[in-house]
Amino acid sequence: MIACLLFAVAFAGLVMQRMSPFSDLSLAVEAVVAVAAVTSGLTGVWLWVRSSRGRAGGTDAEAESDTGASGSGD
C-alpha cells in the first residue's frame, strides 16, 4: 500500500516538472522535486520487492535455515 503511494508521489513529481505552470519555478525547487520523485520511486520499488520476497517465502530465510541445519550436524 505504501509502495503504491510512493509510486503516485514519484509520478506526480515527474509530471509536475513537465507542466507549463510549474516550469517557471527556480532551478533549486525543480531539483528538490526531482530528487523527491526519484527517492519516492526507488523507495517504492524497494518496498514492493521486499514485500514480494516476504510473500514468496524469501530467499534470505531459506539461506539462514540451510546454514543453521548444516552447521548443527558437524
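Conventions adopted
All residue numbers refer to positions counted from 1 along the written sequence of the respective chain. The predicted nature of this model means local features are confined to residues of pLDDT at least 70 and side-chain atom pairs, given and counted, to a pLDDT of 80 or more, with totals for whole chains, interfaces and linings taken over all residues. For the side-chain quantities, the full set of heavy atoms in the structure was used; hydrogens and water were omitted. In DSSP terms, a helix is any run of H or I states spanning at least four residues, a strand is any run of E spanning at least two, and both are numbered starting from the N terminus. Expected helix span is taken as 1.5 Å per residue step, with the number of steps being one fewer than the number of residues. Under the scheme applied here, a residue whose accessible area is under 20% of the maximum for its type counts as buried, over 50% as exposed, and between as partly exposed, the area being computed with a 1.4 Å probe on protein chains only. In this context, the arc is that of the directions from the helix axis out to the C-beta atoms. The contact rule is simple, with two residues in contact once any of their heavy atoms fall within 4.5 Å. A pair of aromatic rings is counted whenever rings of Phe, Tyr or Trp (Trp by its six-membered ring) have centres within 6.5 Å, and the orientation is called stacked for planes under 30 degrees apart, edge-to-face for over 60 and tilted otherwise. The angle between two axes is taken between their N-to-C directions and runs from 0 to 180 degrees, where each axis is a line fitted to C-alpha atoms and a helix contributes only its stretch in contact. For this classification, under 35 degrees means roughly parallel, over 145 means roughly antiparallel, 65 to 115 means roughly perpendicular, and everything else is oblique. Handedness of each helix crossing follows the sense of rotation of the near helix against the far helix: counterclockwise by less than a right angle gives left-handed, clockwise gives right-handed. Classification convention: Asp, Glu, Lys, Arg as charged; Ala, Val, Leu, Ile, Met, Phe, Trp, Tyr, Cys, Pro as nonpolar; all other residues, Gly among them, as polar. Residue-level confidence of the predictor is summarised by pLDDT, bounded by 0 at the bottom and 100 at the top.

Peer 1: Looking at this structure, how should I read helix α1 (residues 2-18)?
Peer 2: A turn of α-helix holds 3.6 residues, and therefore any two residues three or four places apart point the same way. Taking 1.5 Å per residue as the helical rise, α1 with its 17 residues ought to reach 24 Å, and the 25 Å between its terminal C-alpha atoms agrees with that figure. Taken residue by residue, α1 has Ala3, Leu6, Ala10 and Gly13 as its buried positions. Burial along α1 is one-sided: seen end-on, the buried residues are contained in an arc of 85°. Exposed and facing more than 90 degrees away from the buried side of α1 are Leu5, Phe11 and Arg18. Residues of α1 that are buried in the fold lie against α2 (27-55).

Peer 1: Is there a simple way to think about the packing of aromatic side chains in this case?
Peer 2: Where two aromatic rings form a pair, the distance of their centres and the angle of their planes describe that pair. Evaluated as defined, the whole model comprises one aromatic pair. Seen from their ring centres, Phe7 and Trp48 are 6.1 Å apart, and the 45° between their planes marks the pair as tilted. Here Trp48 lies in helix α2 and Phe7 lies in helix α1, a separation of 41 residues in the sequence. A residue is classified by how much of its surface remains accessible, and Phe7, at 31% relative accessible area, is partly exposed. Judged by its relative accessible area of 44%, Trp48 is partly exposed.

Peer 1: Is there a simple way to think about the packing of α1 against α2 in this case?
Peer 2: Packed helices, taken two at a time, are described by their axes: the angle between them and the distance between them. At a minimum axis distance of 8 Å, the contact between α1 and α2 shows a crossing angle of 155°. With respect to their mutual orientation, α1 and α2 come out roughly antiparallel. Handedness of the α1/α2 crossing: left-handed. Mapping the contact onto sequence places Ile2, Ala3, Cys4, Leu6, Phe7, Val9, Ala10, Gly13, Leu14, Met16 and Gln17 in α1 and Glu30, Val33, Ala34, Ala37, Ser40, Gly41, Thr43, Gly44, Val45, Leu47 and Trp48 in α2. Each residue belonging to the contact of α1 with α2 can be placed in one class, and the counts come to 15 nonpolar, six polar and one charged.

Peer 1: For this particular structure, what's the right way to read the confidence of the model for the chain?
Peer 2: Atom-level detail of predicted coordinates should not be read off regions where pLDDT is low. Here the chain averages 76 in pLDDT, while 72% of its residues score no lower than 70. Within the chain, the lowest mean pLDDT, 53, falls on helix α3 (residues 59-72), and the highest, 86, falls on α2.

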